[in-house]
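# Geometric and topological summary
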Amino acid sequence: MSILVDDDTRVVVQGITGGEGKFHTEQMIEYGTNVVAGSVPGRGGEEVAGVPVYDTVRQAVREEDADASVVFVPPAFAGDAVFEALDSPLDLVVAITEGIPQQDMARVYKRLGETDTHLIGPNCPGLITPGEAKLGILPGNIFADGDVGLVSRSGTLTYQVVDSLTQRGIGQTTAVGIGGDPIIGSDFVDVLEMFEDDTETKAIVMCGEIGGEDEEEAARYIGEYMDTPVAGFIAGRTAPPGKRMGHAGAIVSGSGTGTAQSKIDALNDAGVPVGDTPEEVVEHVEDFL
């Protein structure tokens with residue numbers, strides 16, 4: 001099994017005629033993703049990589065029976081693009097765009113609570129079920145089918161950990177990059193709950209980073225509700241308080257929360273071993289399997 005995406009997922013690419021949209025559409029199709037439509041206002045009737053383009057997401061969903069979208073739209077317009085997707089009957093929206101204004105995402109987050117749609121991102125690499133489908137920019141060649149789920153705030157860290165897993169012969173059910181912005185759709189707890197309910201996910205890797213309290217909240221959830229074993233990694237251990245490191249959400253306020261150590265302590269208290277390196281994370285996973 002898997003979570004969120006499989007080989008039956010029918011995908012609309014929002015912003016398919018742009019450089020990033022076109023390139024990654026071709027990459028997703030090459031991987032085997034069922035990209036059935038694109039959506040760009042005013043470009044209806046065109047084709048990109050053999051995929052029909054519609055003026056609206058709603059048209060694309062109606063004509064091509066799509067159930068997911070991937071957003072490759074410039075930051076100034078990406079919030080509206082996500083709104084459009086949420087107003088269509090989609091199960092999943094994956095927002096890859098980095099730099100969406102936070103006031104736009106605050107509006108999106110409020111609207112999201114009124115729908116049944118799962119939103120992944122923004123500012124994320126997307127997600128992949130190895131051998132079936134990938135939605136986003138993940139390098140499919142490093143993933144392998146298996147029984148370990150992965151959820152991460154960092155795209156690069158996702159690749160490092162997955163590559164280490166695959167090199168050790170450990171495949172993945174689904175890998176989800178939730179994004180590093182302060183306001184995102186699905187968070188650690190949302191994805192962990194899905195993995196917990198997936199009978200084929202035997203272990204989980206959770207990759208966090210400094211800033212915010214999402215990892216601490218995930219640790220509380222793991223300790224109270226989860227039976228599936230989880231191994232962790234926290235990036236940004238050497239970052240000084242008040243300095244932003246990478247993602248917009250990766251900043252420590254100096255309040256005593258959001259630090260690497262506070263997250264590591266919370267995870268350890270919940271029974272989650274935290275590796276100092278991706279290789280150590282893999283060793284913890286091997287102990288689970």
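Shown above is the structure to which this text applies.
This write-up is about the structure you can find in this document.

Calculation notes
- Residues numbered from 1 in each chain as written.
- Predicted model: local features only at pLDDT ≥ 70, side-chain atom pairs only at ≥ 80, totals over all residues.
- Heavy atoms only, no water.
- Pairing = 2+ DSSP bridges.
- Helix = DSSP H or I, 4+ residues; strand = E, 2+ residues; numbered from the N terminus.
- 1 Å grid on protein atoms, 1.4 Å probe; cavity = no way out; pocket = protein on both sides within 12 Å on 5 of 7 lines; lining within 4 Å.
- Points joined across faces, edges and corners; volume = space filled by probe spheres on them.
- Nonpolar A, V, L, I, M, F, W, Y, C, P; charged D, E, K, R; others polar.
- Contact = heavy atoms within 4.5 Å.
- Polar contact = N/O pair within 3.5 Å; in protein donor to acceptor, adjacent residues only side chain to side chain.
- Axes fitted to C-alpha atoms, helices over the stretch in contact; angles between N-to-C directions.
- Parallel < 35°, antiparallel > 145°, perpendicular 65-115°, else oblique.
- Left-handed = near helix turned anticlockwise from the far one by under 90°.

### With respect to the sheet that holds strand S7 (residues 118-120)
Taken together, 7 strands build an open sheet; the order of strands is S3-S4-S2-S1-S5-S6-S7 and the sheet is mixed. Two strands bound the open sheet, and with one partner strand each, they are strand S3 (47-48) and S7. In the sheet, strand S6 (residues 92-95) pairs with S7 via 3 bridges, with the strands oriented parallel. In the strand pairing of S7, Val-93 is matched with Leu-119.

### Observations regarding the layout of surface pockets
The volume enclosed by the largest pocket comes to roughly 320 Å³. Ile-96, Glu-98, Asn-123, Cys-124 and Ile-137 are, among the 19 residues lining the largest pocket, the residues nearest its centre. Those elements that provide at least two residues to the lining of the largest pocket are helix H1 (19-31) and helix H5 (155-167). If you tally residues by element for the lining of the largest pocket, the top one is H1, at 4 residues. Its residues placed into classes, the lining of the largest pocket shows 8 nonpolar, 9 polar and 2 charged.

### Considerations on the environment of Lys-263
Positionally, Lys-263 belongs in helix H8 (residues 260-269). Put simply, Lys-263 and Ala-218 are 45 residues apart on the chain and 9.6 Å apart in space, counted from C-alpha to C-alpha. Not counting residues up to four positions away in its chain, the partners in contact with Lys-263 are Arg-153, Glu-209, Ile-210, Gly-211, Gly-212, Glu-213, Asp-214, Glu-215, Glu-216, Ile-234 and Gly-258. Polar side-chain contacts of Lys-263 include one of 2.9 Å to the backbone oxygen of Gly-212.

### Section: the packing of helix H6 (residues 188-197) against helix H7 (residues 214-225)
Relative orientation of the contacting elements H6 and H7 amounts to 30°, with a least axis distance of 9 Å. When the axes of H6 and H7 are compared, the pair comes out roughly parallel. Seen from above, H6 lies across H7 with right-handed handedness. Between H6 and H7, the residues in contact are Phe-188, Val-189, Leu-192, Glu-193 and Glu-196 and Asp-214, Glu-215, Glu-217, Ala-218, Tyr-221, Ile-222 and Tyr-225, respectively. Its residues assigned to classes, the contact of H6 with H7 comprises 7 nonpolar, no polar and 5 charged.

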